[in-house]
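# Notes for the structure review
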Amino acid sequence: LLWLKADAGLAQTLTNASDLITNLPVAYWPDQSGNGNDAIQTSGGQEPMWIPDALGDHPCIQFNGITDSLNLPNCLANLSQAEAFVVTKTTPGGYSTQQLWDLGNSGNLFDAKYPSDGSAILENFGSTVSYNLGVPVQPLDQYSVYEVTTQSTNWAAWINGVLLYQTPNNTVSFQI
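### A short note on the nonpolar core
- Within the largest apolar cluster, 19 residues are counted, with the highest numbers of intra-cluster contacts made by Trp101, Ile121, Phe125, Leu133, Tyr146, Val148 and Ile159.
- Residue assignment for this core shows that the elements contributing at least two residues are strand E6 (81-88), strand E8 (131-134), strand E9 (144-151) and strand E10 (154-159).
- At 3 residues, E10 tops the list of elements feeding residues into this core.
- With residues near it in sequence (within four places) discarded, Val148 still touches Ala82, Glu83, Ala84, Trp101, Glu123, Phe125, Trp155, Ala156 and Ala157.
- Leu10, Val26, Trp29 and Ala39 belong to the second-largest nonpolar core, a separate cluster that totals 9 residues.

### Some words on the pairing of strand E4 (residues 49-55)
- Across 2 bridges, the pairing between strand E1 (residues 24-25) and E4 is antiparallel. Residue pairing for E4: Leu24 is matched across the bridge by Trp50.
- With 4 bridges joining them, E4 and strand E5 (residues 58-62) adopt antiparallel strand pairing. Opposite Met49, over in E5, you have Gln62 as the bridge partner.
- What sits between the antiparallel neighbours E4 and E5 is a turn of 2 residues, in which Gly56 has the positive phi angle 65°.

### A short note on the side chain of Asn37
- Take Asn37: it is sitting in the loop between strand E2 (28-29) and strand E3 (39-40).
- You can call Asn37 buried: its relative accessible area is 11%.
- A distance of 2.7 Å separates a polar atom in the side chain of Asn37 from the backbone oxygen of Leu1.
- Discounting chain neighbours no more than four positions away, the residues touching Asn37 are Leu1, Leu2, Asp31, Pro73 and Cys75.

### With respect to the pattern of salt bridges
- Tallied over the entire structure, the rule returns 1 salt bridge.
- Lys5 serves as the salt-bridge partner of Asp7, at 3.8 Å between the closest nitrogen and oxygen.
- Given a relative accessible area of 27%, Lys5 falls into the partly exposed group.

### Some remarks on the packing of aromatic side chains
- Going through the model one piece at a time under the given rule, you end up with 4 aromatic pairs.
- On the basis of an interplanar angle of 85° and a centroid distance of 5.5 Å, the ring pair of Phe125 and Phe174 is categorised as edge-to-face. Here the residue Phe125 occupies a position in the loop between strand E7 (121-123) and E8, and Phe174 occupies one in the segment after strand E11 (162-167), the gap between them amounting to 49 residues.
- For Phe125, a relative accessible area of 3% translates into the label buried.
- Ring geometry for Tyr131 versus Trp155: centroids 4.4 Å apart, planes at 35°, classification tilted.

Here is what the cut-offs are and how they apply
- Residues numbered from 1 in each chain as written.
- Predicted model: local features only at pLDDT ≥ 70, side-chain atom pairs only at ≥ 80, totals over all residues.
- Heavy atoms only, no water.
- Core = buried A, V, L, I, M, F, W, Y, C linked by side-chain atoms within 4.5 Å.
- Buried < 20%, exposed > 50% of the residue type's maximum accessible area, 1.4 Å probe, protein only.
- Helix = DSSP H or I, 4+ residues; strand = E, 2+ residues; numbered from the N terminus.
- Contact = heavy atoms within 4.5 Å.
- Pairing = 2+ DSSP bridges.
- Polar contact = N/O pair within 3.5 Å; in protein donor to acceptor, adjacent residues only side chain to side chain.
- Salt bridge = Lys/Arg side-chain N within 4 Å of Asp/Glu carboxyl O.
- Phe/Tyr/Trp six-rings, centres within 6.5 Å; stacked < 30°, edge-to-face > 60°.

Here it is, written out as structure tokens:
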């Protein structure tokens, strides 16, 4: 339903033939799935930044962890299951309201924290409850692949393929 790639679909502004402007604000991130579920930001100063060559020779979208965000259409509302893969890196022990996303429906905006105080992860992806994933072995200040899946008979999360938490009981619900 949604595929956002930092190296596809974003305009790259050139100052001349050889210089790429760095730290470009991203107000529009086109969905590469073909479904038109583009991510947008209409409030100036709250856009994440496009950083070229941030991960080897690959670009990244950088969120400041305080105000930067992108809004998604309500494309997940009627799903009974979903899965997400995200390459992420953050500052552990940062702001207690830091979030990767707010895609669950547990009733409290701050039920999802990546990381929370003490570097633990709280996650409510596609669920009516928030799960405490604990402090992962993988340091969160290094690039890693974060994966989370939700369905009525399974909710689970991994970092770099290492299972952080799993439960067979879950009520699927998305709020965007």
